[in-house]
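# Understanding the architecture of this molecule
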Amino acid sequence: MSKKKKNTYLINFNVMCNFNVFSECKETPLPLLCENGVKQTSATGWIKSKPFPNPCAYDMAVTYKASQMGEKIASTIIEYLDKETNEPVVQLYPSSYYVFNDDENFLNRLNHASKRNFQRELEKRMQIINAAAQKTK
């Protein structure tokens, strides 16, 4: 039985930040609330953040309040790791995903459990997006 190889980041959007300044940048630093279920704290009083690739991270930040995804999905990034090297392969955002190194065969780099989880989570998001699109018609 294979185990999912992934990292889950819960983003803290309850901070004062103008994410628009990152619109033309390669990455957007997002404040972390939890990483793999562990609450992120800092001895310095500053919120721990992690840079995520644009345009996905920027789009997530600026559409957070307007999202139909619900708070949990709208503030979660799932990063799936290579089955052999544990390097990031793909990150799943509320309404998109980012493939590292533009690898069109990225699913082949995931183990069975990770691949199934990615497909299930992607399908869940697409159903929410499609349902929202139907309501606006």
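Values in this document were obtained by computation on a predicted structure and should not be read as measured data. (Residues numbered from 1 in each chain as written. Predicted model: local features only at pLDDT ≥ 70, side-chain atom pairs only at ≥ 80, totals over all residues. Heavy atoms only, no water.)

### Quick look at the nonpolar core
Of all hydrophobic cores here, the largest spans 18 residues; its most connected members are Ile11, Phe13, Leu30, Phe52, Met60, Ile77 and Tyr93. Looking at this core, the elements with two or more residues in it are strand S1 (6-11), strand S2 (27-35), helix H1 (56-63) and helix H2 (71-74). Tallying contributions element by element places H1 first for this core, with four residues. Ignoring sequence-local partners within four residues, the contact set of Leu30 consists of Ile11, Phe13, Phe19, Lys48, Ser49, Lys50, Phe52, Ala57, Met60, Ala61 and Ile77. (Core = buried A, V, L, I, M, F, W, Y, C linked by side-chain atoms within 4.5 Å. Buried < 20%, exposed > 50% of the residue type's maximum accessible area, 1.4 Å probe, protein only. Helix = DSSP H or I, 4+ residues; strand = E, 2+ residues; numbered from the N terminus. Contact = heavy atoms within 4.5 Å.)

### Comments concerning the pairing of S2
In terms of strand pairing, S1 meets S2 through three bridges, oriented antiparallel. Bridge pairing in S2 places Ile11 opposite Leu32. Relative to strand S4 (residues 49-53), S2 runs antiparallel, the two sharing five bridges. Bridged to Pro29 within S4 is Pro51. For S2 and strand S3 (residues 38-39), the ladder comprises two bridges, and the chain directions are antiparallel. Bridge pairing links Glu35 to Val38 in S3. Between S2 and the antiparallel strand that follows it, S3, lie two residues; Asn36 among them carries a positive phi value of about 55 degrees. (Pairing = 2+ DSSP bridges.)

### Overview of H1
Listed in full, the buried residues belonging to H1 are Cys56, Ala57, Tyr58, Met60 and Ala61. For H1, the elements touching its buried residues are S1, S2, S4, H2, strand S5 (76-81) and strand S7 (97-99).

### As for the side chain of Asn111
Checked against the element boundaries, Asn111 lands in the loop between S7 and helix H3 (112-135). At a separation of 3.3 Å, a polar atom in the side chain of Asn111 contacts the main-chain amide nitrogen of Ala113. Within the local environment of Asn111, its side chain forms a polar contact with the backbone nitrogen of Ser114, the two atoms lying 2.8 Å apart. Among all residues touching Asn111, those that are not within four sequence positions of it are Ser2, Lys3, Lys4, Lys5 and Lys83. (Polar contact = N/O pair within 3.5 Å; in protein donor to acceptor, adjacent residues only side chain to side chain.)

### Remarks on the state of the cysteines
Evaluated as defined, the whole model comprises zero disulfides. Between Cys25, a free cysteine, and Cys17, which holds the nearest cysteine sulfur, the sulfur-to-sulfur gap is 11 Å. Accessibility expressed as a relative area gives 37% for Cys25, which makes it partly exposed. Counting only cysteine sulfurs, Cys25 is the nearest neighbor of Cys56, a cysteine outside any disulfide, at a range of 15 Å. Owing to a relative accessible area of 7%, Cys56 belongs among the buried residues under this scheme. (Disulfide = S-S within 2.5 Å.)

### Some words on the pattern of salt bridges
As enumerated under the stated definition, the model contains five salt bridges in all. Among the salt bridges present, the one from Arg109 reaches Asp103, with a minimum N-O distance of 3.7 Å. Here Lys124 makes a salt bridge to Glu121, at a shortest N to O gap of 3.4 Å. On the criterion of helical spacing, the pair formed by Lys124 and Glu121 is a turn pair, its members being three residues apart in helix H3. By relative accessible area, which is 35% here, Lys124 ends up partly exposed. (Salt bridge = Lys/Arg side-chain N within 4 Å of Asp/Glu carboxyl O.)

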